[in-house]
Amino acid sequence: MASSSFLFLHVLVMLSLASMAFADLSDDFYDDVCPEALPTIKRVVEDAVRQERRMGASLLRLHFHDCFVNGCDASILLDQTDTIDSEKTARANNNSARGFEVIDKIKSEVDKICGCPVVSCADILAVAARDSVVALHGPTWEVQLGRRDSTTASRTTANNDIPTPFMDLSALINNFKKQGLDEEDLVALSGSHTLGFAQCSTFRNRIYNDVNIDSTFASQRQANCPRSGGDSNLASLDPTPALFNSKYFSNLVSNKGLLHSDQALFSGGETDDLVKTYSKNLKTFSEDFAESMIKMGNIKPLTGKQGQIRVDCRKVN
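This structure is a prediction, so every number in the text was calculated from the model and none was measured. (Residues numbered from 1 in each chain as written. Predicted model: local features only at pLDDT ≥ 70, side-chain atom pairs only at ≥ 80, totals over all residues. Heavy atoms only, no water.)

## Let's talk about the packing of aromatic side chains
Here is step 1: Here the structure, examined in full by the defined rule, presents 10 aromatic pairs.
Here is step 2: Here the aromatic rings of Tyr-248 and Phe-249 are separated by 4.9 Å at their centres, their planes lie at 80°, and the arrangement is edge-to-face.
Here is step 3: Three or more aromatic residues joined by ring pairs form one cluster here, namely Trp-141, Phe-244, Tyr-248, Phe-249, Tyr-278, Phe-285 and Phe-289.
Here is step 4: Over the aromatic face of Phe-100 sits the side chain of Lys-88, whose NZ or CZ is 4.3 Å from the ring centroid. (Phe/Tyr/Trp six-rings, centres within 6.5 Å; stacked < 30°, edge-to-face > 60°. Lys NZ or Arg CZ within 6 Å of the ring centre and 35° of its normal.)

## Re the UniProt feature "binding site: heme b" (unreviewed entry) in the protein
Here is step 1: Within the UniProt annotation, "binding site: heme b" (unreviewed entry) is assigned to His-193.
Here is step 2: By the element assignment, His-193 lies in the loop between helix H8 (183–190) and strand E1 (197–199).
Here is step 3: Note on His-193: relative accessible area 23%, which makes it partly exposed.
Here is step 4: When sequence neighbours within four positions are dropped, the list of residues in contact with His-193 reads Leu-237, Asp-238, Tyr-248, Leu-259 and Asp-262. (UniProt positions renumbered as here; feature names shortened; annotations may be inferred. Helix = DSSP H or I, 4+ residues; strand = E, 2+ residues; numbered from the N terminus. Buried < 20%, exposed > 50% of the residue type's maximum accessible area, 1.4 Å probe, protein only. Contact = heavy atoms within 4.5 Å.)

## Description of the state of the cysteines
What makes a disulfide is a covalent bond joining the sulfur atoms belonging to two cysteines.
Here is step 1: Enumeration according to the criterion identifies four disulfides in this entry.
Here is step 2: Between the sulfur atoms of Cys-34 and its disulfide mate Cys-114 the distance is 2.0 Å. Between Cys-34 and Cys-114 the disulfide shows an S-S torsion of about -85°. By sign, it is left-handed. Remark: Cys-114 occurs in helix H4 (residues 100–114) and Cys-34 occurs in the loop between helix H1 (2–23) and helix H2 (37–51); sequence separation between them is 80 residues. Cys-114 shares its class with Cys-34; the two are buried.
Here is step 3: Across the disulfide from Cys-121 sits Cys-313; the S-S distance is 2.1 Å. Taking the sign of the torsion about the S-S bond as the criterion, the disulfide between Cys-121 and Cys-313, at about -95°, is left-handed. Taken as a pair, Cys-121 in helix H5 (residues 121–135) and Cys-313 in the segment after helix H14 (282–297) lie far apart in primary sequence, 192 residues in all.
Here is step 4: For Cys-313, a relative accessible area of 1% corresponds to the buried category.
Here is step 5: For the protein, the disulfide bridges join cysteines in the arrangement 1-4, 2-3, 5-8, 6-7, where the cysteines are counted in sequence order. (Disulfide = S-S within 2.5 Å.)

Shown next as structure tokens:
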């Protein structure tokens, strides 16, 4: 009787381990079921970035804002319904998050080439983020695949968990720590602001009230961001917003960070040294950025039989 119980327990353990192994993400997840999936995503991303260079930063940002809200599960893509509390209207995303039409096109093209919906919207976001960085002359990395899509969204969690442009260093460190990311991840991933633009409403207080800001830089930004009005006026996050390089960090060293949360990384705190290192060494920054992107992409993925593979990224099946 005891031996039978032990055998039953052993089988349960082995099945559990097998299930865990099956649920792990892997970089070859679609190699057999749809080998053309990743090349198709790459083609659509490259075409979108070719038409509008800014789109690369937008697609990268979608992946960030997805992963920071209950994990990388494509919840950010869900539209508002009676049962879905869409994250698209959260403070960080409302009239700001963009690129949804590109994701729709990728999904359509991938499902067509694969013959059916086998590639999740969550994986599309992760791969599109990587391909966007590469299209703008940044590093590449092996995206871990096998995520499934959520059946829920949470605007409240998005409001609470997506880092804001007004945070100081301690708040940023705690925010990233909540996601299992450390200070090096914080600095490396903030380097995504080597790409893209920010709206006046996100940096107005900094250019008029912060003291740790280059006065000439502040004056230049004030020309397009008045004390009142012009909330959606854009300014580049670094001098080359469509090119992946280390100028974002050089700006921080010169007190020319556009957002308060950017400059917080170089403000006499524990991240100063790493900012200096990245400002002088693009190779080190690129390598660390790629590693941190993989780490972020592994935040609480739905795998195995969890969630679903959406037919339409904007709504639950």
